[in-house]
Amino acid sequence: MQPHKSEYWLFPKIDNWDTFCDRVNLVSDFIETAIENKDPNIHVISVDEKTGIQAIERHQSKAPVNKGGHTRGEYEYERHGTTTLIAGVNVSNGAIINAHIQPTRNEQGFGNFIKETVSMLPEMDKIVFLADQLNTHLSETLVRFIAEEAGYTRESLGTKGEIGILKNIDTHREFLECEHHRVRLIYTPKHCSWLNPIENWFAKLQRHVIKNGNFLSIKELIDKIKSYIAFYNVRLAKPLKWKFKGFEKAKQLFNIIMRNL
């Protein structure tokens with residue numbers, strides 16, 4: 001019997017399970033360190049982008065009075081454009097520490113977001129950013145900022161595509177994850193968006209603001225996102241309840257499925 005198509009999505013191909021688990025455990029350890037405040041001089045910030053947020057104007061949000069006047073899903077709408085949100089959640093308290101809203105996603109925008117977020121935290125403290133492995137999160141712009149912050153010279157970075165730290169994505173990743181830097185990034189494994197706390201907050205933003213929202217313009221959409229962030233930080237923010245206990249049961253099921261592929 002062949003596995004259902006959805007099982008391929010739930011259990012994607014992982015070349016080395018031990019390496020995968022080590023990476024998951026590393027991210028999980030940083031999350032637990034932040035939530036339990038094991039080291040107040042380490043700030044763990046979960047970051048990502050939510051792209052293509054649509055400003056949708058719905059033509060009618062309620063049924064006519066003679067149909068009960070109840071709220072309903074309206075499928076007739078007009079688009080007024082899209083925007084992109086870059087946000088970071090402080091894992092220790094669940095609050096949004098920084099947010100940028102811009103038309104599109106690019107490496108300069110993400111680099112500026114990281115730089116600005118670093119400036120908001122104490123100069124002597126260590127800062128760890130949790131991020132996925134998108135190319136914009138492994139960019140030359142980001143490498144140059146971290147290098148400058150750590151006191152590297154431009155000459156010591158090498159040349160893009162040829163040699164040194166700037167050679168390719170792999171050398172970027174190794175440099176950006178260096179544990180000796182005050183500011184470092186830790187990357188989640190592929191297929192692990194659930195491991196990045198900011199994704200939980202994006203889901204709340206989607207439910208509370210975007211899904212049933214009615215926006216007459218991009219500006220109105222942006223204003224409502226900003227208002228929600230301010231409200232969330234005051235009224236809703238709280239530390240994440242981290243319940244992840246390991247992969248033993250999932251590994252057994254994973255192995256059964258992989259043997260049947």
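Model, not experiment: these values are computed from the prediction.

A.B. asks: A description of the sheet that holds strand β4 (residues 126–131) should follow, citing residues and the corresponding values.
C.D. replies: Taken in spatial order, the five strands of this open sheet run β3-β2-β1-β4-β5, and their pairing is mixed. Strand pairing shows two members of the sheet lacking a second neighbour, β3 (96–102) and β5 (183–187), which therefore form its edges. Strand-to-strand twist in this sheet, taken as the mean axis angle between neighbours without regard to direction, amounts to 25°. As paired strands, β4 and β5 are joined by five bridges and run parallel to one another. Following the sheet pairing, V128 is matched in β5 by R184. Running at roughly 130° to β5, helix α2 (residues 17–35) makes contact with β1 (42–58), β4 and β5 of the sheet. Most of the contacts of helix α3 (residues 107–119) go to β3, to which it runs at about 150°, and overall it touches β1, β2 (77–90), β3, β4 and β5.

A.B. asks: Any details on the nonpolar core? Residues and values, ideally.
C.D. replies: Nonpolar side chains in soluble globular proteins tend to end up buried together. Counting 26 residues, the largest nonpolar core has I114, F129 and L176 as the members making the most contacts within it. Secondary-structure elements contributing two or more residues to this core are β1, α3, β4, α4 (140–150), α5 (169–176) and β5. In terms of residue count, the dominant contributor to this core is α4 (five residues). With residues near it in sequence (within four places) discarded, F129 still touches I45, V47, I114, T117, V118, V183, R184, L185 and I186.

A.B. asks: Give me the lowdown on helix α7 (residues 218–236), citing residues and values where you can.
C.D. replies: In this model α7 runs 25 Å from its N-terminal to its C-terminal C-alpha over 19 residues, within 8% of the 27 Å that 1.5 Å per residue would give. Within the span of α7, buried status applies to L221, I222, I225, Y228, I229 and Y232. The buried residues of α7 occupy an angular sector of 120° when the element is viewed end-on, so they sit on one face. Turned more than 90 degrees away from the buried face of α7 sit K219, K226, V234 and R235, all of them exposed. Each element contacted by the buried residues of α7 is listed here: β1, β2, β3 and α6 (197–210).

A.B. asks: Explain the environment of T136 to me, using residue names and the numbers behind them.
C.D. replies: Counting through the fold element by element, T136 comes out in the loop between β4 and α4. Along the backbone, T136 and F110 are 26 residues apart, and their C-alpha atoms lie at a distance of 6.9 Å. Ignoring anything within four residues of it in the chain, the contact list for T136 reads E49, R105, N106, E107 and F110.

Cut-off values and rules
Each chain has its residues counted from 1, following the order in which its sequence is written. Local features in this predicted model are restricted to residues of pLDDT 70 or higher, and side-chain atom pairs are both shown and tallied only at a pLDDT of 80 or more, whereas totals for entire chains, interfaces and linings draw on every residue. Only hydrogens and water are set aside; all other atoms, that is, all heavy atoms of the structure, feed into the side-chain values. Between any two strands, pairing holds if DSSP finds at least two bridges. Each helix is a run of H or I in the DSSP string that is no shorter than four residues. Each strand is a run of E no shorter than two, and both are numbered from the N terminus. Lines fitted to the C-alpha atoms define the axes, with helices restricted to the stretch that makes contact. Angles between their N-to-C directions range from 0 to 180 degrees. Between two residues, a contact is recorded if the distance between any of their heavy atoms is within 4.5 Å. Definition used in this section: a nonpolar core is a set of buried Ala, Val, Leu, Ile, Met, Phe, Trp, Tyr and Cys residues joined via side-chain atoms within 4.5 Å. Three labels apply to residues, based on accessible area from a 1.4 Å probe with only protein chains included: buried if under 20% of the type maximum, exposed if over 50%, partly exposed otherwise in between. The span one expects for a helix is its residue count, reduced by one, times 1.5 Å. What the arc describes is the spread of directions from the helix axis to the C-beta atoms.

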